[in-house]
Each structure stands twice: as C-alpha cells, then as structure tokens.
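Below, each chain spelled out in residue letters.
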Amino acid sequence: MDQKKLFRQMLEFNKTAFDNNFKATSLFQSQSEQYILRFLNNADWIPEESKIMTTEWLSTYRKNYENFKACADENYRKIMDSFAGPQDQAKTKDK
C-alpha cells in the first residue's frame, strides 16, 4: 500500500474522531450553558454584575471554541492538501 494513501486514511480517521469528539463536547457545553443561564435567571440573590460577567464568559468561551474548530478544520485541510495528488488538489481547491 502506498505510504501517502495510508497516511491519508490515518488522517481521515483522526479527523472523523476529532469531529465526533468535538460534537459531543459541544453538546455537553451547550447543555451546561443552558443550565447555568437558567440558574442565573432564577437566582435572585446573585448580583447583576455577576450575572453579566458569567454571560460574557459563556459568550467568550463559545466564540473561542468555534474559532478552535475553524482553526483545526483549516489545519486538517492543509495537511490533507499536502498529501494529496495533483488530481485531488484540484478537487479541494474547488470546494
């Protein structure tokens, strides 16, 4: 078996595992965020400044989490392009 093809299959498996893990973690984060926001809305004893800070923290976390995913996707694409043949590179540039 060709080494490039083997490495490409390994990268595709790694990318799939990463995507599945990211989706599961994202689902957990989303559920946790909803729980925290529901708790903050019902907790009258928490100061308003703390609620605002927590909401901003959740927003920042979500934004950076999405940036991390975009960066990982871009780097996977770059490494796959470097191991692609000339015909495969033409396909990935069209996408």
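Conventions adopted
- Residue positions are given per chain, counted from 1 along the sequence in the order it is written.
- Under the rules for a predicted model, residues below a pLDDT of 70 receive no local features and side-chain atom pairs below 80 are neither given nor counted, while totals for whole chains, interfaces and linings still include all residues.
- In computing side-chain values, all of the structure's heavy atoms are included and hydrogens and water are not.
- Only DSSP runs of H or I reaching four residues or more are called helices, and only runs of E reaching two or more are called strands; each is numbered from the N terminus.
- A helix is expected to reach a length of 1.5 Å times the quantity of its residues less one.
- Residue burial is assigned from relative accessible area. The probe radius is 1.4 Å, only protein chains are included, and a residue is buried under 20% of its type maximum, exposed over 50%, and partly exposed in between.
- Using only the protein atoms, space was sampled on a 1 Å grid; points where a 1.4 Å probe fits but cannot get out form cavities, open sets with protein on both sides within 12 Å along at least five of seven lines form pockets, and lining residues are those with an atom within 4 Å of a point.
- Grid points are joined across faces, edges and corners, and a volume is the space filled by probe spheres set on the points.
- Orientation is described by axes fitted as lines to C-alpha atoms, over the contacting stretch for helices, and by angles from 0 to 180 degrees between their N-to-C directions.
- Just so you know how the angles are binned, under 35 degrees is roughly parallel, over 145 roughly antiparallel, 65 to 115 roughly perpendicular, and the rest oblique.
- Just so you know the grouping, Ala, Val, Leu, Ile, Met, Phe, Trp, Tyr, Cys and Pro go in nonpolar, Asp, Glu, Lys and Arg go in charged, and all remaining residues, Gly too, go in polar.
- pLDDT gives the predictor's per-residue confidence on a scale running from 0 to 100.

Caption draft 1: Focus on helix H2 (residues 48-82). Its 35 residues place the ends of H2 51 Å apart at the C-alpha level, agreeing with the 51 Å of an ideal helix rising 1.5 Å per residue. When H2 is considered as a whole, its buried residues turn out to be Lys51, Thr54, Leu58, Tyr65, Lys69, Ala72, Tyr76, Met80 and Asp81.

Caption draft 2: Representation of the environment of Ser50 in the model. Take Ser50: it is sitting in helix H2. Considered as a pair, Ser50 and Leu40 are 10 residues apart in the sequence and their alpha carbons are 9.2 Å apart.

Caption draft 3: Structural detail: the layout of surface pockets. Of the pockets and cavities examined, the largest pocket occupies roughly 160 Å³. If you trace the largest pocket, you find 10 residues lining it, with Glu12, Lys15, Tyr76, Arg77 and Met80 closest to the centre. At the level of secondary structure, the elements contributing two or more residues to the lining of the largest pocket comprise helix H1 (3-42) and H2. Among the elements that make up the lining of the largest pocket, the one with the highest residue count is H2 (five residues).

Caption draft 4: A look at the packing of H1 against H2. Packing of H1 against H2 brings their axes to within 11 Å, and their N-to-C directions diverge by 170 degrees. It follows from the interaxial angle that H1 and H2 lie roughly antiparallel. Of the residues assigned to the contact of H1 with H2, the class counts are 14 nonpolar, six polar and nine charged.

Caption draft 5: Region of interest: the confidence of the model for the protein. On average, the protein scores 89 in pLDDT, and the residues at 70 or more come to 87%. Of all the helices and strands in the protein, helix H3 (residues 86-94) carries the lowest mean pLDDT, 57, while H2 carries the highest, 94.

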